[in-house]
Protein chains: 2
Amino acid sequence: MSNSSPSLPPVDVSLTPQERFEEYLQTRGLRQTNQRKFLVDEIFSHHEHFDADELMERLPRKGAKNYVSSATVYRTLREFVDAGLLKSFQLEGRTVYEHDYGYPQHDHLYCTVCRELFEFQSEALTTLRDEVAAEQGFRISGHRMIIHGVCRECSKNRRKKRKQDLV
Amino acid sequence: MSNSSPSLPPVDVSLTPQERFEEYLQTRGLRQTNQRKFLVDEIFSHHEHFDADELMERLPRKGAKNYVSSATVYRTLREFVDAGLLKSFQLEGRTVYEHDYGYPQHDHLYCTVCRELFEFQSEALTTLRDEVAAEQGFRISGHRMIIHGVCRECSKNRRKKRKQDLV
DNA sequence: CTGACTGCAAATCCTTTGCAACTTG
DNA sequence: CAAGTTGCAAAGGATTTGCAGTCAG
């Protein structure tokens, strides 16, 4: 269900996410705290896409060591996006986050049955995007492409279910 | 600011949106009400992209003739999407709606300065999408592509502002 | 008539914010 | 120490829902 290893090959970066974030904090006169350190570690030890809620579910509960309040989780996720560590986008009302730092540009396929996000890379898509933008005099800052549908696995399962229903 | 005429040529359809929705209601044993009639008319008399709030702002106020409560507006927008009259997608946290029935498939450029949505059509994008999906064994139901950036107009204005700032 | 629909208000969901206490540099 | 941070609880915004009265078929 979850794919904790990256689908795409990593991009070479000179700093670890931790170091990179530290740099970001220092250049802005912000502080390195236990909560922030813990969250960088936690987030970069998994690779799945996640939303704030899913993240908090795997964090220590209130009272336990390393507990981080939800306000801080939300605040910190925004900092990670500012710092270029994470990217975020909206999907079905929730904000989904994914690794950006050290991870290549890509787009998504979204299975509306199992609700899993799959990644793909397409240089042709980027080229096409640039052409369209040029035509319209647009200065591009980025794009978001999501293909909706049903993944291979879910197509199989559905077929199975149908057969069973007939018995 | 608003473009009340379509950017793209309409697609031929045999029924008006009103008729099409009536058909939808009948096949499901649902009812034709004044609120629903009024909303179809209102929505298909303009062409801009809109969210629930923007729509309600141009509807009659409470107490006036043809007032529709916000609960009904939300309920009806969902029906329009079900009925294939409208499409919806998420942009910066809000749900944006646009005409679907009688309007060709297209994608968007979003200007992050003036927050306007521009449309474009690209057959190459659809082809590319189908190829990617085929590779991954995906059964496509649709896609959403948005290019973010700054539109021609806003680029101009910004340049002007910069010059003024220097005076 | 009967079930669908509407408006109202309350409830939800997700996220942000004000504030007092607590850290970090 | 001063300023940035945190947790808490309360506030927000957008959307949904329960319910009793209303209306269409």
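Here, every reference points to the structure presented above.
In this convention, every chain numbers its residues from 1, walking through the sequence in written order. Ligands are numbered from 1 and chains lettered from A, in the order in which they are written. Confidence filtering applies because this is a predicted model: local features only for residues at pLDDT of at least 70, side-chain atom pairs given and counted only at 80 or more, and all residues used for totals across whole chains, interfaces and linings. Side-chain descriptors were evaluated using all non-hydrogen atoms of the structure, hydrogens and water having been removed beforehand.

### Considering the interface of chain A and chain B
So, point 1. Should any heavy atoms of two residues lie within 4.5 Å, those residues are counted as being in contact. Listed per partner, the contact involves 35 residues of chain A and 34 residues of chain B.
So, point 2. Each of two parts loses accessible area, computed with a 1.4 Å probe, when they are put together; buried area is these two losses added. Overall, the association of chain A and chain B removes approximately 2,900 Å² of surface from exposure, summing both partners, and the carbon and sulfur fraction of that is 63%.
So, point 3. Of all residues in chain A, Leu128(A), Phe138(A) and Arg139(A) give up the largest surface area on contact with chain B, accounting jointly for 21% of the area buried on that side.
So, point 4. Any Lys or Arg side-chain nitrogen located within 4 Å of an Asp or Glu carboxyl oxygen qualifies as a salt bridge. Between the two partners, chain A and chain B, sit zero salt bridges.
So, point 5. Within 3.5 Å is the distance limit for a polar contact, defined as a pair of N or O atoms, with the added protein rule that one can donate a hydrogen and the other accept it, and that residues adjacent in sequence qualify only through two side-chain atoms. Scanning the region where chain A abuts chain B turns up 16 residue pairs in polar contact (both at pLDDT 80 or more).
So, point 6. Those elements giving two or more residues to the side of chain A that touches chain B turn out to be strand 4 (107-111), strand 5 (117-120), helix 5 (123-135), strand 6 (139-150) and helix 6 (152-166) of chain A. Counting from the N terminus, the helices are the DSSP runs of H or I reaching at least four residues and the strands are the DSSP runs of E reaching at least two.

### Some remarks on the pattern of salt bridges
So, point 1. Summed over all chains, the structure comprises 16 salt bridges over all chains.
So, point 2. Between Glu54(A) and Arg94(A) there is a salt bridge, with its nearest N and O atoms 3.1 Å apart. With a gap of 40 residues between them, Glu54(A) in helix 3 (residues 52-57) and Arg94(A) in strand 3 (residues 94-99) connect regions that are remote in the sequence.
So, point 3. Of the charged contacts in the structure, one is a salt bridge between Asp51(B) and Arg94(B), with a shortest N-O distance of 2.8 Å.

### Quick notes on the protein's contact with DNA strand D
So, point 1. Residues are classed as near a molecule or strand on a simple rule: at least one heavy atom within 4 Å of it. In the vicinity of DNA strand D there are 21 residues, among which Arg31(A), Arg36(A), Ser69(A), Thr72(A) and Tyr74(B) approach most closely.
So, point 2. A share of 65% is what sugar and phosphate atoms reach among the atoms of DNA strand D within 4 Å of the protein.
So, point 3. Arg36(A) has a polar side-chain atom sitting 2.2 Å from a phosphate oxygen of DNA strand D.
So, point 4. Taking Thr95(B), its side chain carries an N or O atom lying 3.1 Å from a phosphate oxygen of DNA strand D.
So, point 5. No other element matches helix 4 (residues 70-82) of chain B, which puts four residues into the surface near DNA strand D.

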